[in-house]
Amino acid sequence: MFGLLLVLCVLLPPSPGAQIPNQGQPKHPPIATNGERFPWDQMRLPQTISPLHYDLTIHPNLTTQDFTGVVRISLDVHEDTSAVILHAKQMEISNVLLLAPEGARPLKVLEYPGFHQLALISDSVLTKGRKYEVQLEFAANLSDSFHGFYKSSYRTSSGEVRTLASTQFEATFARGAFPCFDEPAFKANFTVQIIREPRHIAVSNMPKVKTVVLPGDLLEDHFDTTVKMSTYLVAYIVSDFLSVSRTTQHGVKISIYAVPEKINQTAFALDAAVKLLDFYDDYFDIPYPLPKQDLAAIPDFQSGAMENWGLTTYRETGLLFDPDKSSASDKLSITKVIAHELAHQWFGNLVTMEWWNDLWLNEGFAKFMEFISLDITYPELHVDDFFLNKCFEAMEVDSLSSSHPVSTPVENPTQIQEMFDDVSYDKGACILNMLRDFLTPEAFEIGIIRYLKRYSYQNTVNSHLWESLTDLCSLDDLDEGRMKHFEFCSRRKLQSGTSKWYSDDELDVRAIMDTWTLQEGFPLVTVEVKGREVRLSQERFLRTDDHSLTEGFLWQIPLTYMTSASNTIHRFLLKTKSDVLYLPEEVEWVKFNVNMSGYYMVHYAGDGWNSIIKLLQHNHKALSGNDRASLIQNVFQLVSVGKVSLDTALELSLYLSNETEIMAVTRGFGELVPLYKLMEKRDMTVLEKQMKGYIVELFRDLIDQQQWSDSGSVSERVLRSYLLLFACFMNYEPCVRKAIQLFSQWKESDGTVSLPVDVSMAVFVIGARTPEGWDFLFEKYRNSLQMSLKSRYKSAMAISPLQDKLQWMMEQSLHGEVMKTQDLPDVVVSVAKNPRGYKLAWDFLRASWVTLVKKFDLGSNALSYMVTGVTNQYSTREMLQEIRSFFDSLTEETGSQMRCIQQTYETIEDNIRWTDTNLPLLQSWLNKRSRRATHEDL
């Protein structure tokens with residue numbers, strides 16, 4: 001693997017902003033805690049020994065909040081050695097034995113905390129080819145964070161606080177729960193025993209096979225042995241949860257676990273899990289290999305969910321659904337997260353990336369499969385209406401020089417944690433979607449089934465996937481049910497004068513996809529039409545004024561396009577810096593990246609944008625909603641790099657007054673709202689008010705058309721909720737009037753009057769503007785057992801203009817009793833986006849930094865989300881200096897090297913450039929627009 005990376009350093013341009021990780025070596029020879037030299041000096045474990053089987057007994061004490069255990073590990077020795085190097089973090093190790101055929105003997109233990117490593121030293125050589133066992137006893141405290149084996153609690157409706165213990169081992173936290181070889185390539189089988197009190201239950205990856213009564217009124221549950229898997233997928237929970245169960249058509253028992261008072265909110269998740277596991281069983285043509293799949297709703301959970309094999313864990317909001325209280329977007333997000341975790345049972349669990357540099361092979365695929373699976377199993381959710389947002393979010397990060405390739409060298413736990421970002425998840429999904437469109441869905445499905453079957457229970461790298469997607473026309477890979485992919489085989493052989501989609505050479509999937517995974521960023525394709533001639537060129541899209549940073553990048557781009565003359569989707573593989581294609585006739589307009597199936601932006605040079613604007617103003621439905629959304633995003637992003645004038649982007653936005661489709665409407669908001677957000681933090685009240693007025697005017701008709709009810713499709717309902725929330729937040733008088741009326745009725749009934757779910761956020765936001773209304777919402781929040789409702793209460797309270805309440809919310813969330821600490825990142829970022837709260841959020845982030853790092857861990861998505869969410873709308877040099885001053889004062893141990901800090905600097909610098917260049921233009925355009933509107937009224 002590292003040889004490949006060396007080659008890439010020569011073939012591909014260096015990443016200007018990339019962190020070059022240390023190679024996992026300390027600056028000086030590592031010294032163990034006892035003062036002796038530690039026998040291994042790499043962060044990655046040696047390959048001399050690998051584990052075959054773990055026999056693990058865990059005894060958590062939920063009263064004293066600690067645990068003890070013993071692990072016996074069967075070892076396979078690949079080279080003669082006298083040291084077994086493995087991981088353990090912050091635990092007491094005792095009674096370490098080598099169990100050999102000739103008898104048990106103690107091993108010397110050395111500890112090197114810098115790399116979380118133990119060395120078990122034998123006084124005789126462990127011989128290559130022989131099998132040994134080591135046994136270790138250990139003890140530790142249940143973790144105070146959300147990682148490792150950690151404590152969680154919840155409050156019953158009677159006020160009683162109950163405690164449970166749960167695990168979260170991805171990426172490098174199994175080592176904090178038991179001594180192990182904590183790297184994904186060290187796969188093994190696990191047999192787990194858990195000691196508990198009779199008032200609790202225990203669940204793990206596999207079904208329970210028996211329970212043994214122990215002295216001291218304790219029980220020991222024995223679980224069946226797992227399939228071969230990585231340590232980060234081991235899971236166990238000790239709790240008082242209840243469960244509901246059903247069996248899939250393929251005979252797998254599905255159970256949902258939740259706290260007793262919320263078990264009645266599990267029916268929807270149970271149905272979804274059954275339907276989706278059956279779908280994946282058929283789609284992947286590989287039976288789910290375990291007898292059961294549990295889904296557990298954990299009261300304290302940092303991420304959205306975790307794919308532990310056979311025991312997936314979730315936030316309560318990610319699993320619990322009340323048909324009377326949950327919204328359409330709740331249904332969509334719950335179904336997507338279940339689809340994501342169940343896809344991981346194949347992508348990630350059955351076939352696992354060799355090392356964390358290829359995390360996207362797990363996460364990009366699972367994110368992509370959310371949309372593939374739900375499109376078929378839940379067509380009524382119209383999941384396609386929401387996919388493009390993933391690509392827009394990825395591009396936001398990927399347009400910075402501090403971005404990273406999808407596949408990136410990483411060594412230490414902080415760098416590994418940072419891989420769980422929009423690039424691995426969303427960019428990964430978007431380039432897979434592009435490849436699927438390129439190969440045809442049928443051929444793509446054949447290739448990924450081949451990949452999963454070839455590498456079951458093994459570890460893979462990028463190239464294994466590309467090899468599986470090559471030579472797809474081999475008859476050996478065809479089965480009767482998938483003969484449709486002959487369409488791909490015949491299409492690949494077609495050549496025409498206008499299409500270079502496939503060259504005469506053999507299609508080289510790896511050569512194409514390496515350009516998308518081994519270099520950061522994405523291309524901007526410039527299109528210039530001259531009669532029948534279409535001139536194409538590509539460059540890296542980068543939000544910087546240093547043009548040298550865009551040099552040396554080249555992609556193989558599967559272009560698609562359509563024209564005014566034909567609805568046919570034409571294809572062209574752009575492999576070079578520039579090229580030319582010829583149209584059969586002259587056309588009025590051309591639209592590249594049809595439906596934005598490709599992960600690239602397009603600039604229409606010459607008169608191209610004017611042609612697009614004319615089309616949108618006169619017949620916008622000639623293009624799909626996704627095409628229109630991509631044009632809005634492209635044109636506004638091109639303003640930030642000086643390719644297009646702000647006037648042009650704003651003129652294009654005028655067509656939005658006729659727009660009704662969710663993707664294009666929300667993209668319009670996504671590009672226009674940040675403009676007035678920049679002004680909020682510069683105290684430019686007049687211009688800010690003008691910009692807000694323009695946006696409200698643009699969408700006024702669509703807002704007025706919204707019913708205050710729960711009718712319509714999922715997309716219509718999500719859009720209604722979005723529009724009414726925006727209108728009320730903008731003080732649009734008809735919206736505010738209706739929301740005040742509904743809030744008063746709801747409050748007077750003590751919350752018993754049923755509000756339409758889709759409009760409830762708009763109602764709560766208006767209610768939270770007064771101290772009395774805010775306090776009433778908080779009481780409802782504190783006493784509610786409906787998770788989606790609690791989430792809406794919390795969000796509305798964080799948008800309140802009451803600064804003392806905002807400060808209190810952040811402090812309470814950090815404390816974690818009344819408001820969960822897991823929700824702190826959302827609370828802090830919501831307060832940061834609040835015009836009355838952004839200074840509070842920045843001050844809170846600084847003051848609480850040390851606590852936040854301890855609670856959420858360096859490099860975690862939660863920490864990065866707070867850093868970028870609190871800072872990304874500042875646009876003054878004074879604020880940039882203040883932010884730099886704080887982050888520059890940190891040490892490496894407190895986060896100074898985190899990628900999100902570099903992203904913060906870049907984003908603010910980009911905001912400064914944008915405002916310096918464009919604010920006068922914006923003022924002028926809005927004034928002109930206002931005069932034009934006044935003239936039209938006269």
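Thresholds applied
Residues numbered from 1 in each chain as written. Predicted model: local features only at pLDDT ≥ 70, side-chain atom pairs only at ≥ 80, totals over all residues. Heavy atoms only, no water. UniProt positions renumbered as here; feature names shortened; annotations may be inferred. Helix = DSSP H or I, 4+ residues; strand = E, 2+ residues; numbered from the N terminus. Rg over C-alpha atoms; globule rule 2.2 N^0.38 Å. Buried < 20%, exposed > 50% of the residue type's maximum accessible area, 1.4 Å probe, protein only. Contact = heavy atoms within 4.5 Å. Areas by Shrake-Rupley, 256 points an atom, 1.4 Å probe, with all protein chains shown as cover. Lys, Arg positive; Asp, Glu negative; His and termini not counted. Charge placed at Lys NZ, Arg CZ, Asp CG, Glu CD. Pairing = 2+ DSSP bridges. Axes fitted to C-alpha atoms, helices over the stretch in contact; angles between N-to-C directions. Salt bridge = Lys/Arg side-chain N within 4 Å of Asp/Glu carboxyl O. Phe/Tyr/Trp six-rings, centres within 6.5 Å; stacked < 30°, edge-to-face > 60°.

Naming follows an unreviewed UniProt entry, where the protein appears as Aminopeptidase of Nothobranchius furzeri. The UniProt entry for the protein carries this comment under Sequence similarities (unreviewed entry): "Belongs to the peptidase M1 family."

Draft legend 1. Focus on the overall build of the protein. A count of helical and extended segments in the protein gives 28 helices and 29 strands. Its C-alpha atoms give the protein a radius of gyration of 29 Å, near enough to 30 Å, the size a compact globule of 938 residues would have. With the C-alpha coordinates of the protein rotated into their principal frame, the extents come out at 100 × 75 × 55 Å. Scored against the burial criterion, the 938 residues of the protein give a buried share of 60%. If you take every contact in the protein between residues at least 6 apart in sequence, the share linking residues at least 24 apart comes to 72%. Entry remark: accessible area of the protein is about 35,500 Å², with carbon and sulfur atoms responsible for 49%. Averaging the coordinates of the 90 positive side-chain charges in the protein and doing the same for the 120 negative ones gives two points 3 Å apart.

Draft legend 2. The arrangement of the sheet that holds strand 17 (residues 253–258) in detail. One open sheet holds the five strands; their spatial order is 16-17-18-20-19, and the pairing between them is mixed. At either margin of the open sheet sits one strand with a lone partner, and together these are strand 16 (242–247) and strand 19 (305–306). Here six bridges tie strand 16 to strand 17, and the two strands are oriented antiparallel to one another. Residue pairing for strand 17: threonine 247 is matched across the bridge by lysine 253. Strands in contact with helix 2 (residues 267–283) are strand 16, strand 17 and strand 18 (292–298); relative to strand 17, the strand with the most contacts, it is inclined by about 150 degrees.

Draft legend 3. Region of the structure containing the pairing of strand 15 (residues 236–239). The side-chain alternation of strand 15 yields two buried faces, one formed by Tyr236 and Val238 and the other by Ile237 and Ser239. Of the strand pairs in this sheet, strand 12 (residues 201–204) and strand 15 are connected by four bridges, and their pairing is antiparallel. Within the sheet, the bridge partner assigned to valine 203 lies in strand 15 and is isoleucine 237.

Draft legend 4. Spatial organisation of the pattern of salt bridges. The full count for this structure, using the stated rule, is 54 salt bridges. A salt bridge links arginine 196 to aspartate 221; its shortest N-O distance comes to 2.5 Å. Of the two residues, arginine 196 is situated in strand 11 (residues 189–196) and aspartate 221 in strand 14 (residues 218–223); the sequence distance between them amounts to 25 residues. Comparing arginine 196 with aspartate 221, the two get one shared label, buried. Two residues, arginine 846 and glutamate 882, come together in a salt bridge whose shortest N-O distance is 3.4 Å. On the criterion of sequence distance, the pair formed by arginine 846 in helix 24 (residues 838–847) and glutamate 882 in helix 27 (residues 877–888) is long-range, its members being 36 residues apart. Within the structure, one salt-bridge network assembled from shared partners comprises Glu102, Arg105, Asp123 and Arg130.

Draft legend 5. Region of the structure containing the packing of aromatic side chains. Within this structure, the stated rule accounts for 57 aromatic pairs. Taken together, a centroid distance of 5.6 Å and an interplanar angle of 45 degrees make the contact between phenylalanine 181 and phenylalanine 186 tilted. You can call phenylalanine 181 buried: its relative accessible area is 1%. Classification of phenylalanine 186 by relative accessible area gives buried; the value is 5%. Between tryptophan 774 and phenylalanine 778 the ring centres are 6.0 Å apart and the planes differ by 15 degrees, which places this aromatic pair in the stacked class. With tryptophan 774 and phenylalanine 778 both in helix 20 (residues 771–783), this residue pair falls four residues apart, about one helical turn. With relative accessibility at 2%, the residue tryptophan 774 sits in the buried group. Through pairs of rings, three or more aromatic residues link up here, namely Phe279, Tyr280, Tyr283, Phe284, Tyr288, Trp346, Phe347, Phe365, Phe368, Phe444, Tyr451 and Tyr455.

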